[in-house]
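Coordinate inspection notes
Okay, here's what each chain looks like letter by letter:
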Amino acid sequence: MKTPTHSYDALDLLSSAVIILDAESRVRYANAAAENLFESSFKNLANQKLPALFLNGEELTGIFREAVQHRFADKRLDLTLERAGREALQVHVIVTALDDPHTPVLIELRENVKQLKLDREERLLDQSQLNKELIRNLAHEIKNPLGGIRGAAQLLEFELPERQLKELREYTQVIIKEADRLQTLVDRLLAPHRRPHIVGDVNVHEVCERVRSLIVAEFPVGLTIKRDYDLSVPEFRGDKEQLIQAVLNIAHNAAQALSARIAGGDAQITLQTRVARQVTLAKIRYRLALDLHIIDNGPGIPPEIQDRIFYPLVSGREGGSGLGLTLAQTFVQQHMGVIECESRPGCTDFRILIPLP
């Protein structure tokens, strides 16, 4: 690649980050994409030396020296570049030697989105496995003493003197009711691990229509549920009831988050189906995958919990149990799939990917 020394305007049109360095490795030019990638203006980047941009830039600096010595025309490699106080960059780097003694090296950095996605999915799978173990152990630890507490409260109520029964029964009933509430919570935590996986032919649009009818029945006014179906999506083998529950949990959370818009009459949830091609899920490549989106126009997920929404007992809603998305993730993973989420004010998009035959 030859870059004219008099103008770099065309480089601002590129989506990949480009920096041009002088013979001392100082930044002499950075395009708009580089400013975005480095989260810094060209004014701040100008005259910084290449080693100062990264905490571990030794390899990149070595390649820079080779380029200055014209040992190659261009070199390509994948690097993880660490930055102080910021997330490391997973990038594909192209280092090009230029025929200009004043600015002899051009470096192009392209974010390695595929690697980032794989790393994120791997973290989610590992976290999900830890969550499952935590939930099972915690639920069993709670379940046993809970039965004893409830039983003791009942026996205590039977032993109360007649003259104090009416006055003190109120307290024993609080113990019994709270024990029952906790028992229900524990049962919900253990439900995905107890229920057998019933496999049959699944039509995703039947799943969506079932969820739609349940949401409409609960929120009949002020909420529109839009269908955007690709009818070419084939049937696949799976547990229909589990998938209904997974989609319902997400859609129900969306409807509850839309309470203000429902009151205003402009709340909307979109159920969208597509076929995705050449998809990698849990390091396995699939030719086809179901691409199901549940999109709402609500306020968005609070930024402070966006990275933890699939953790058990994490909820962004007052009084929420924090189990709906955890169970949805468990059910989807049992179908070798993943759930992804992108959220900002006005648009939250949950994406379910499941392999297709």
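Here the structure is a predicted model, which means the values were calculated and not measured.

1. What to know about the packing of helix H7 (residues 204–218) against helix H8 (residues 240–257)
At their nearest, the axes of H7 and H8 sit 9 Å apart, and the two run at 40° to each other. It follows from the interaxial angle that H7 and H8 lie oblique. Where H7 crosses over H8, the handedness of that crossing is right-handed. On H8, the residues touching Glu206, Val207, Arg210, Val211, Leu214, Ile215 and Glu218 of H7 are Lys240, Glu241, Leu243, Ile244, Val247, Leu248, Ala251, His252 and Ala255.

2. Digging into the nonpolar core
In this structure, Ile215, Leu223, Ile294 and Ile352 are the most contacted members of the largest nonpolar core, which totals 44 residues. For this core, the secondary-structure elements that each account for two or more residues are H7, strand S7 (223–228), H8, strand S9 (267–281), strand S10 (284–296), helix H10 (324–333) and strand S12 (347–355). Looking at this core, the element that brings in the most residues is H8, giving 9 residues. The residues touching Ile294, leaving out its near neighbours within four places in the chain, are Val247, Ile250, Ala251, Ile269, Thr270, Leu271, Thr348, Asp349, Phe350 and Ile352. Core analysis: the second largest hydrophobic core is formed by 28 residues, Ile19, Ala67, Val91 and Val95 among them.

3. A closer look at the sheet that holds S7
With mixed pairing, the 5 strands of this open sheet are ordered in space as S7-S9-S10-S12-S11. Both edges of this open sheet fall to S7 and strand S11 (338–344), since each of them pairs with a single strand only. For this sheet the average axis-to-axis angle between neighbouring strands, irrespective of direction, equals 20°. Docked against the sheet, H7 engages S7, S9 and S10, running at close to 170° with respect to S7. Here H8 sits on the sheet in contact with S7, S9, S10, S11 and S12, set at roughly 35° to S10.

4. Some remarks on the sheet that holds strand S4 (residues 86–97)
Taking strand neighbours across the sheet as the criterion, the 5 strands line up as S2-S1-S5-S4-S3 in an open arrangement whose pairing is antiparallel. Of all the strands in the sheet, the pair left with one neighbour each is strand S2 (27–30) and strand S3 (74–83). Recorded for the sheet is a direction-independent mean angle of 25° between the axes of neighbouring strands. As judged from the 7 bridges shared by S4 and strand S5 (residues 105–111), these two strands associate in the antiparallel manner.

Reading the values: the criteria
Within each chain, residue numbers correspond to sequence positions counted from 1 in written order. With the structure being a predicted model, the display of local features is reserved for residues of pLDDT at least 70 and the display and counting of side-chain atom pairs for 80 or more, all residues being used for whole-chain, interface and lining totals. With hydrogens and water set aside, each side-chain value is computed from the structure's full complement of heavy atoms. Here an angle of 0 to 180 degrees is reported between the N-to-C directions of two axes, which are lines fitted to C-alpha atoms, with helices fitted over the stretch in contact. Secondary structure elements follow DSSP: runs of H or I no shorter than four residues count as helices, runs of E no shorter than two count as strands, and numbering proceeds from the N terminus. An angle below 35 degrees is treated as roughly parallel, one above 145 as roughly antiparallel, one from 65 to 115 as roughly perpendicular, and anything else as oblique. Definitions for this section: a left-handed crossing has its near helix turned counterclockwise from the far helix by less than a right angle. A right-handed crossing has that turn clockwise. In what follows, a contact means two residues having at least one pair of non-hydrogen atoms within 4.5 Å. Side-chain atoms within 4.5 Å link the members of a nonpolar core, which is a set of buried Ala, Val, Leu, Ile, Met, Phe, Trp, Tyr and Cys residues. In this scheme, a residue with accessible area under 20% of its type's maximum is buried, one over 50% is exposed, and one in between is partly exposed, where area comes from a 1.4 Å probe on protein chains only. For two strands to be treated as a pair, DSSP must find at least two bridges joining them.

By themselves, these are just geometric observations and shouldn't be taken as functional.
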